Structures are given as structure tokens and as C-alpha cells.
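# Commentary on secondary and tertiary structure
So the chains spell out like this:
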Amino acid sequence: MTSLFVFGTLRDPELLALVLGRSVKTDRAHLQDHAVFRVQGAEFPICVPSPGKRAEGLLIRGLDADTFSRLDFYECGFGYTRAEHGISVAGATVRAQVYVPLGPALRSSGEGWSLAVWQRDHGALTREVAREAMALAGAIPPEDVPARWPVWAARAQTRLNARHRPATRREGLPDLSKLEVERVDVPVDAFFRVEDHHIRFPNFAGGVSKTVSRVAFVSVDAVTVLPYDPVRDRVLLVDQFRTGAYARGDTQPWMLEPVAGRVDGGETWEQTAHREAQEEAGVLLTALEFIGRYYPSPGALTEYLISYVGLCDLPDGQAGLFGVASEAEDIRTYLVSFDTLMEMCADGRVQTGPLLLSAYWLAANRPRLRQG
């Protein structure tokens, strides 16, 4: 059995229990002649030598090899390795493992790091990511964790968002607490995830269904924003190849859409809208007009969309070729007058739900936007 000293995010009791797979007893301790700083370009900390200072933390005793395997899975992919140090606890010195930077990949920002601030700003999201990540401990190598973390974080942000529905609740619905989960199979777990839920769900008659298999295609919350110039009375449309249309057999799988993109972990919907407008169209939005939030196809898709019209300046020459090269995005944008947009919706050139919805919302609100 071996002891461990934690100085950073694992001082959060809930996160520690998720990573270890169980709750443990901890003792307050410190590592002399070391200090904790925020990692450059990140929100988590490192512990580095610093004469005369001391790194506060927690000592965990009696951890076995399997537990350290879980810890290594969580920590080592991000550039940490284990080293043994003398830890001061209750007036004594105990030898314990500490996760320290491995090579130059992790650099100190020189700024202090606060557990309380991290818990406030990043704790809920990180705990939610850890729930999904630690389910794969032993199934994938630690080196794969950093590459998968952004997808896990986006899915975690989606789950957090889903738990905070609008205040208005519908009456007379079945009691969700009566839903019974027999098992959940996951045949696909990559950028997208497929979950086969074997469940018994409460019905409107007051009973519970027989066990049924219901498959969900798990994606993340996404934002759409239709850039609109109220002075020139025109919009910017995005055109790109869409695999869903191609897989359906559509002979013209290039779709006209608003600007759109997933909500990354830690992002607000508004931040996503502004970021995607820059990435997909080179457009700087001056204001966002909220359209609505909705499930486009809740029978099988977890995707949840938040749609906006984005007010902006769309001069001649704004259209062009865009996209994030690292994501193999190939996007062409068009400037289209409002009247032409309505014609395209009527004659079938527009075939995507978010663009139809955004166009009709714009038609209803255009007088107000143009007066502004």
C-alpha cells in the first residue's frame, strides 16, 4: 500500500471519489519548498519547487496498485508523472507519491491557483467529464485521454445544460423517477456515441411499460446563428457537405444552413455563437436575437439546438471560403437578400430545419430589426 499527496483539483472530494472509484479518508498535509501555480494556458495546477514556500494539500494513505492505475489514467496523459516526496502531516514526515510535471509540456504561468475559484468556475464540468472518462479506465490508454477530453467536455456541458430546463414545467406528465433502467449498451463511443437503452418507462395510464430497447444517437448541444444585416437587408448563408444527407442517398448533399457549431465544454451559448460566426464566416456579430431552443428530432437524437439571428455588417465581399482546416471543414458562404431567402425557402432550395426556422422568425421580426 502506498500514500498519495494531492495538491490540485483532486482536493475536490467529489472529483477524488470519481477518479479513485470510492470515497477515502484524507489528512491535511503540505509539501515543503514547493508551490502550486496555474498551468500556462490551462485552468488546472502544477506543483513545482519553490524554496521557502509550501504546497498545501491532502494525504491519502493505503492506496493499492489498481487505484494508482486509475489515477495514472486520469493524470498521466496530460503530462504528469509520479515522484516520491516527503510530505509533512501532523508534525511527521511521510513518504508519498506526487504527480509532478513530466518534461516541458506543462509550464507554470507564474499565477497562483485557487481550489475555491476552480470549484466555482470549472468544478461541475470537470466532475461530469470524469464520470464518463473514468468509465473507460483500463479500456483505453492514458495517452488517448487528452484527445478525447474536448468531446467528453462537450457532452458533459450538454448534460449540465439539460438539468437546468426553463422554469416553466408542463403539468400531468408521468413521474420520471419511476423509469427503470435494465442496462445501457454502447456499441459506438467516439466523436458521436450510440447508446442502446433497455428501459421500462412510466406511461400516461399510470403504469410502467414492458422492457423496451430505445437507441439514442448522442451528440451535444449546438448553436445556430443566421447573420443578418438590417441596413442592407441581407443574410449570410453557409453551404457545406453534410454526411447525413449523403448517407440518406441525397444526390445533392451540400446543404444551405445558418452558421452552426457545437457548444464546447465551459462555453455559454452566446460565446459559441460569436466563435462560430468568426470561424465559419469571418463575421463579427454586434448583437444576438434569440429565436428558441429545441430538440430537432427527439425520437432518437439527443441534439439540442439554440438558434439566434445575429446582427452584423455584411458588406460586399464578405462571402468566401471558410472553415477550420484541422477539422476538415470546407465552407462556402453566400450573401443573399431577404427577399431571395424567402424565395429559396418557398422553392425548396433551403432544406434544413434551422435555416427554415430562422428565416421565418426573421420574416416576423424584420420590421422591428430594421427600425432599430
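About the thresholds
Each chain has its residues counted from 1, following the order in which its sequence is written. It should be noted that, the model being predicted, local features are given only for residues of pLDDT at least 70 and side-chain atom pairs only at 80 or more, the latter also being counted only at that level, while totals for whole chains, interfaces and linings use all residues. Note that the side-chain values use all heavy atoms of the structure and ignore hydrogens as well as water. With a 1 Å grid laid over protein atoms only, a set of points is called a cavity when a 1.4 Å probe fits there but cannot get out and a pocket when it is open yet has protein on both sides within 12 Å along at least five of seven lines; lining residues have an atom within 4 Å of a point. Grid points are joined across faces, edges and corners, and a volume is the space filled by probe spheres set on the points. Think of it as three bins: nonpolar holds Ala, Val, Leu, Ile, Met, Phe, Trp, Tyr, Cys and Pro, charged holds Asp, Glu, Lys and Arg, and polar takes everything else, Gly as well. Each helix is a run of H or I in the DSSP string that is no shorter than four residues. Each strand is a run of E no shorter than two, and both are numbered from the N terminus. Expected helix span is given by 1.5 Å per residue-to-residue step, counting one fewer step than there are residues. Bending is quantified residue by residue as the angle between axes fitted to the seven-residue window ending at that residue and the seven-residue window starting at it. When a residue's accessible area, from a 1.4 Å probe over protein chains only, is under 20% of the maximum for its type it is buried; when over 50% it is exposed; and in between it is partly exposed. By definition in these notes, contact holds between two residues if any of their heavy atoms fall within 4.5 Å. A strand pair is defined by DSSP finding two or more bridges across the two strands. Lines fitted to the C-alpha atoms define the axes, with helices restricted to the stretch that makes contact. Angles between their N-to-C directions range from 0 to 180 degrees. In these notes, a set of buried Ala, Val, Leu, Ile, Met, Phe, Trp, Tyr and Cys residues joined through side-chain atoms within 4.5 Å is what counts as a nonpolar core. For classification, angles of less than 35 degrees are called roughly parallel, those exceeding 145 degrees roughly antiparallel, those between 65 and 115 degrees roughly perpendicular, and all remaining angles oblique. Helix crossings are classified by the rotation of the near helix relative to the far one: an anticlockwise turn of less than a right angle makes the crossing left-handed, while a clockwise turn makes it right-handed. The term disulfide is used for any two cysteine sulfur atoms that are within 2.5 Å.

Further remarks concern the layout of surface pockets. Of the voids in this model, the largest pocket is the one considered here, and its volume is about 1800 Å³. F192, Q240, R242, E257 and E303 are the residues nearest the centre of the largest pocket, which is lined by 48 residues in total. In the lining of the largest pocket, the residues fall into 23 nonpolar, 10 polar and 15 charged. Here the second largest pocket defines a volume of roughly 1400 Å³. Lining the second largest pocket are 27 residues, and of these R165, L176, L179, Y295 and P298 lie nearest its centre. When residues of the lining of the second largest pocket are traced back to their parent elements, those giving at least two are β7 (180–189), β8 (193–200) and β9 (212–218).

Helix length check: helix α8 (residues 353–371) (19 residues) gives 27 Å between terminal C-alpha atoms against 27 Å at 1.5 Å per residue, within 8%. The largest bend in α8 comes to about 60°, at N365, with the proline P367 one to four residues further on. By the burial criterion, the buried members of α8 are L355, S358, A359, W361, L362, N365 and L369. Buried residues along α8 sit in contact with β10 (222–229), β11 (234–241), β12 (254–257), β14 (285–294), β15 (305–312) and α7 (338–347).

Across the sheet, 3 strands lie side by side as β7-β8-β9; this open sheet has antiparallel pairing. The sheet terminates laterally at β7 and β9, the two strands that pair on one side only. The average undirected angle you get between the axes of adjacent strands in this sheet is 20°. The pairing of β8 with β9 spans 7 bridges and is antiparallel. From the neighbouring strand, H198 faces β9, where its bridge partner is S213.

By size, the foremost hydrophobic cluster in this structure holds 53 residues, and its most contacted members are L4, F5, L10, L71, Y74, I87 and W152. Per element, the largest residue contribution to this core is 8 residues, and it comes from strand β3 (residues 45–63). Residues within four places of Y74 in sequence aside, it is in contact with L10, L15, V19, T126, A130, M134 and W149. Core analysis: the second largest hydrophobic core is formed by 19 residues, L237, I291, V309 and L311 among them.

Here the focus is the packing of α7 against α8. Between two packed helices, what matters for the description is the angle formed by their axes and the separation of those axes. The N-to-C vectors of α7 and α8 enclose an angle of 135°; their axes lie 10 Å apart at closest approach. On the basis of the axis angle, α7 is oblique to α8. When you trace α7 past α8, the crossing you get is left-handed. Along its contact with α7, which presents F338, L341, M342 and C345, the element α8 presents L355, L356, A359, Y360, L362, A363 and R366. Partitioning the contact of α7 with α8 into residue classes produces 10 nonpolar, no polar and 1 charged.

We now examine the state of the cysteines. Under the defined criterion, the tally for this structure stands at 0 disulfides. C47 forms no disulfide, and the closest cysteine sulfur to it belongs to C76, at a distance of 16 Å.

Glancing now at the environment of T9. Here T9 lies in the loop between β1 (2–6) and α1 (13–20). Among the residues examined, T9 registers a relative accessible area of 11% and is labelled buried. When the C-alpha atoms of T9 and A35 are compared, they prove to be 15 Å apart, with 26 residues separating the residues in sequence.

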